[in-house]
Each structure stands twice: as C-alpha cells, then as structure tokens.
Amino acid sequence: MQMTIRWFGKNYDAVTLEQIRQIPGVRGVITTLYGTQPGEVWKTEDIRAIKAEVEAAGLKILGIESVNIHDEIKTGGPLRDKYIENYIATLERLGKEDLRLICYNFMPVFDWTRTDLAKRRTDGSTTMAYDQKIIDKINPDDMLNSITSQSNGFVLAGWEPERLARNKELFAMYKDVDEEKLFSNLVYFLRAIMPVCGKYGINMAIHPDDPAWSVFGLPRIISTKEKILRMMKAVDDPHNGVTLCTGSLGTNPKNDIPDIIRSLKGRIHFAHLRNLLHTAPGMFEESAHLSSDGSMDMFAIVKALYDGGFDGVIRPDHGRNIWGEKGMPGYGLYDRALGAAYIEGLWEAVDKMSRG
Ligand code: DNO
C-alpha cells in the first residue's frame, strides 16, 4: 500500500508539497494538470514539469486524478472517436513518463454533488453535507451558485468555471442518454483505450458516482456492486479497474463496502478512504475518518483491502475544516493528515495481526 495526498498544484492549492512531505508515511501525491480541458492532448513538457516539481520536494506523483473524459465520449456524440484518439495520445505521454494510475469518472454533467460545503458540526468543525430534500426543491443553476459561493475562493475540481458556464448546454447533450446508453459509451471508450493501457501498464480506475443515486434525473452507472461488476465483465481486462471510494459508494447505506471490495479482487487500483455519517434517508455529512465518528467500519474496509492483497495507492479523502484553517472545502491539510495517519495505523494493525 502506498499512502498519498491529493495535491492540486501550486496555483490552485493552499497546501504545499513541503507540508505534505511531513505527514507520516506519505511519500507521494495524486495530482493532474489543472487548467487543461477535457479533450485536450497533454503536453509532455507540462507533464515533465509537474513531475520535476513534485520530485524536487522529495515526493513522487503516484497517480493522476483525473484525466477527464470529454462529453462527446460520454454521450457518444459524432466527435467521440477524435476525442478518444486525443485521450489515447495523453495516456501514451503519461505512460512514457511512468505515470500509470489514472482516475476518471463517467458522471454526466456534474462530478460530485453536495448541498452544503460548510455544515457546522457539534465539535465546531465544518464539513460537506448532502440533503436530497434540498436537491428536490432546487434546479441545477441554484446548486451551481450555492457551490461556487461556498468554495472559499478555491476552484473546486469537478466544478471548474469553464464547465459550469456550459451547464444548460450539457443538460441538453445528455437529454437522450439513459443508463444503457451511458454504459455502452463507457464500454466503447474502454475497449478503445485498453491496448495503450496494456502497452504502458496503465491502470484505469473509474471513480464511483457521488452520491450513488441519480441527481436531477441524470443516469448513474457506477453506483452499486452489480453495476460495477457489469462494467468489469464487459471489459474484462486487469487494466480496467476501479477507484474504491468509500465516501461515494457509502452514501447509499445498502452498499456493503467490504463485500464490494472482496468482489473486486485485483481490479481495485486506487482507494479513496473516508467516512461519513448518515443522518436521515438521503441525507449525510462527511465525518472525521475514524469509525466511531461516522457510519462506516473503517477497520473492516482496511481489512478487506489487505486480505484481498491490495497493493495499490490509497489517499485519505475529504476532510473536515478544523483548527481555523482557510482551506479548500474537503481538501484542507489538517483533517486529511489525521485521516492518513489513522488509515496507516489501521493498516499496520491489520498487517501485524495477519502475520501473527
Ligand atoms: C471529489 C473527487 C472527485 C474525483 C473525480 C474523479 O472529491 O473524489 O471529484 O476526483 O470524480 O474523476
């Protein structure tokens, strides 16, 4: 297992590589070329520059989150083959630079969705929260405005201004895309990129839908064990894998995460570990990583990963905002550092118990 922290690059993140370097056990970061648009072919010189910057701080880039997928590919539009070719060209350049873990998502229009980015908890911390009752009463524009106004001045990954400006156009593009169509577009894309993944040993790790149910009537195809296994079987190649995001799958209390982990043996390339607290049906808030603070059994999750021989990359996921930090919602330094140390403690305990 390799512990990492997501880092958004010096122009986007208030957390520095020097700070990340001091978190016990963390030897790498997960990043991307922020500022590139979906569909663009990444430049080798840009990839080399960010690698050199991270390495100069004594860390390594251990995964790219994300190489985003153009909507022509997701909707199966007339330009999809051109954008798939561009995607393959980017993968080729990443592969040549030894970057072999790619996280991406196949969610229509929005990436993750929350209704509150700074819900106050009883301990005084603030956290991101979701309430389906609020979504049922608003339209997508209201939600975009609310997210942007609560972003603390940061550009939030998945909520980039270029994307938000095209909200209405995007909804129109997805009008006729139901779950079956989205699924077959994903299969088409994966079949096309598997050869380049095989050539460079690149592991594709699809991120689950967050929350794990439909929002604003949009289709969801990576939200349950059955749906994920269907995707794994449709493109049955070890390079077609998953980002096991406990906070996304765990939004639906019916998802048994240790069971999902066991069913995906060998296909989990990346793990986002965090906890959340279910407060009512369709309603949750992101707790601290500790099992006792939320609804998930983090020990059982780490044990299932360990027992399945997981040897990939882990990152703690969203943290609360604590100790007065003015951080990016979900991505401040302090609570994620606590999360990393906690997960490493669980891992060490499971490892030592297993070895007797
Ligand atoms: C949210 C993240 C997601 C994730 C993308 C992957 O905090 O986990 O935005 O990066 O869905 O493409």
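Residues numbered from 1 in each chain as written. Predicted model: local features only at pLDDT ≥ 70, side-chain atom pairs only at ≥ 80, totals over all residues.

### A closer look at the overall build of the chain
Test applied: Note on conventions: DSSP H or I runs of at least 4 residues are helices, E runs of at least 2 residues are strands, and numbering of each starts at the N terminus. Taken over C-alpha atoms, the radius of gyration is set against a globule rule of 2.2 Å times the number of residues to the power 0.38. Distance between backbone-placed C-beta atoms decides contact: two residues are in contact if it is within 7 Å.
Secondary structure summary: the chain contains 14 helices and 12 strands in total. The C-alpha atoms of the chain give 19 Å as radius of gyration, which agrees with the globular expectation for 356 residues (21 Å, within 12%). The long-range share in the chain, meaning contacts at least 24 apart out of those at least 6 apart in sequence, stands at 74%.

### A short note on the pairing of strand β10 (residues 276-280)
Selection criterion: Each pair of strands is called paired provided DSSP finds at least two bridges between the two strands.
Note: β10 against strand β11 (residues 283-286), four bridges, orientation antiparallel. The residue bridging His-278 from the neighbouring strand is Phe-284, located in β11. With antiparallel pairing between neighbouring strands as the criterion, β10 and β11 make up a hairpin whose turn holds two residues, including Gly-282 at a positive phi of roughly 75°.

### Examining the sheet that holds β10
Heads up, the rule is: Only C-alpha atoms enter the line fits that serve as axes; for helices the fit covers just the stretch in contact. Angles between N-to-C directions range over 0 to 180 degrees.
Pairing is antiparallel across the open sheet formed by four strands, whose spatial order is β5-β6-β11-β10. The open sheet has two edge strands, β5 (116-120) and β10, and neither has a second partner. Between one strand axis and the next, the sheet turns by 35° as a mean value, whatever way the strands run. In this sheet, strand β6 (residues 126-131) lies alongside β5 in antiparallel orientation, the contact comprising three bridges. Looking at the pairing, Lys-119 lines up with Thr-127 of β6.

### Brief notes about the nonpolar core
Going by this rule: By definition, a nonpolar core groups buried Ala, Val, Leu, Ile, Met, Phe, Trp, Tyr and Cys residues that are joined through C-beta atoms within 7 Å. Our exposure labels follow a C-beta count within 10 Å of each residue's own C-beta, placed from the backbone: buried means 20 or more other C-beta atoms, exposed means 12 or fewer, and partly exposed covers the counts in between.
Ranked by internal contacts, the top residues of the largest apolar core, which has 75 residues, are Ile-20, Val-29, Ile-102, Phe-106, Ala-205, Ile-261 and Ile-301. Among the nonpolar cores identified, the runner-up in size contains 12 residues, and Leu-117, Tyr-130, Ile-147 and Trp-159 belong to it.

### Regarding the pairing of strand β8 (residues 240-245)
Stated precisely, the cut-off is as follows: A crossover counts as right-handed when, viewed with the strands pointing away from the observer, the path leading from the first strand over the helix to the second turns clockwise.
Most of β8 is tucked away: six of the six residues are buried. Pairing of strand β7 (residues 203-207) with β8 involves three bridges; the strand directions are parallel. Looking at β8, one finds that Ala-205 is bridged to Gly-241. Considered for its hand, the β-α-β crossover made up of β7, helix α10 (residues 225-234) and β8 is right-handed. Where β8 meets strand β9 (residues 268-273), four bridges bridge the pair, whose relative direction is parallel. The residue bridging Leu-244 from the neighbouring strand is Ala-271, located in β9.

### Description of the site of the ligand
To keep things clear, this is the line we draw: Using the backbone to place each C-beta atom, any residue with that atom within 6 Å of a molecule or strand is considered near it. Here the term charged refers only to Asp, Glu, Lys and Arg, the term nonpolar to Ala, Val, Leu, Ile, Met, Phe, Trp, Tyr, Cys and Pro, and the term polar to all other amino acids, Gly among them.
The environment of the ligand is formed by 13 residues, the closest being Ser-66, Asn-105, Asp-111, Gly-158 and His-207. Of the residues contributing to the shell around the ligand, the split by class is four nonpolar, seven polar and two charged.

### Some remarks on the sheet that holds β8
Strand order in the closed barrel formed by eight strands is β1-β2-β3-β4-β7-β8-β9-β12, with parallel pairing between adjacent strands. Adjacent strand axes in the sheet meet at a mean angle of 30° when their direction is disregarded. In the packing of helix α2 (residues 44-56) onto the sheet, contacts are made with β2 (28-31) and β3 (60-65), and the angle to β3 comes to roughly 135°.

### Focus on helix α9 (residues 179-200)
Formally: To estimate how far a helix should reach, multiply one less than its number of residues by 1.5 Å. A residue's bend is given by the angle between axes fitted to the 7 residues ending at it and the 7 residues starting at it.
Compared with the 32 Å implied by 1.5 Å per residue over 22 residues, the 31 Å span of α9 between its first and last C-alpha is a close match. Helix geometry: α9 is bent most strongly at Ile-193, by close to 40°, with proline Pro-195 lying one to four residues after it. Residues of α9 that are buried: Leu-182, Asn-185, Leu-186, Phe-189, Ile-193 and Cys-197. For α9, the secondary structure elements touched by its buried residues are α3 (71-75), α4 (80-96), β7 and α10. Within two residues after α9, Gly-201 carries a phi angle of roughly 70°, on the positive side.

### Looking at the environment of Phe-284
Within the secondary structure layout, Phe-284 lies in strand β11. Taking the C-alpha atoms as reference points, Phe-284 and Thr-251, 33 residues apart in sequence, are found 7.1 Å from one another. Residues within four places of Phe-284 in sequence aside, it is in contact with Ala-129, Tyr-130, Thr-251, Leu-276, Leu-277, His-278 and Thr-279.

### Brief notes about the packing of helix α13 (residues 298-307) against helix α14 (residues 334-354)
Stated formally: Any angle that falls under 35 degrees is termed roughly parallel, while one over 145 is termed roughly antiparallel, one within 65 to 115 roughly perpendicular, and all others oblique. The hand of a helix crossing depends on one turn: near helix anticlockwise from the far one by less than a right angle means left-handed, and clockwise means right-handed.
Taken N-terminus to C-terminus, the directions of α13 and α14 make an angle of 55°; their axes are 10 Å apart at the nearest point. The angle between α13 and α14 falls in the class oblique. Crossing of α13 over α14 shows right-handed handedness. Between α13 and α14, the residues in contact are Met-298, Phe-299, Val-302, Lys-303 and Tyr-306 and Ile-343, Leu-346, Trp-347, Val-350, Asp-351 and Ser-354, respectively. A class-by-class count of the residues in the contact of α13 with α14 yields eight nonpolar, one polar and two charged.

### Thoughts on the environment of Leu-33
On the secondary structure map, Leu-33 appears in the loop between β2 and α2. Overall, the presence of 17 C-beta atoms within 10 Å leaves Leu-33 in the partly exposed class. Separated by 17 residues in the primary sequence, Leu-33 and Ile-50 have C-alpha atoms spaced 7.9 Å apart. In contact with Leu-33, not counting residues within four places along its chain, are Trp-42, Asp-46 and Ile-50.

### Things to note about α4
Helix length check: α4, at 17 residues, gives a terminal C-alpha distance of 24 Å against a target of 24 Å (1.5 Å per residue), a fit within 8%. Buried residues along α4 sit in contact with α2, β3, α3 and α9. Count one or two residues on from α4 and you reach Asp-98, which has phi positive near 65°.

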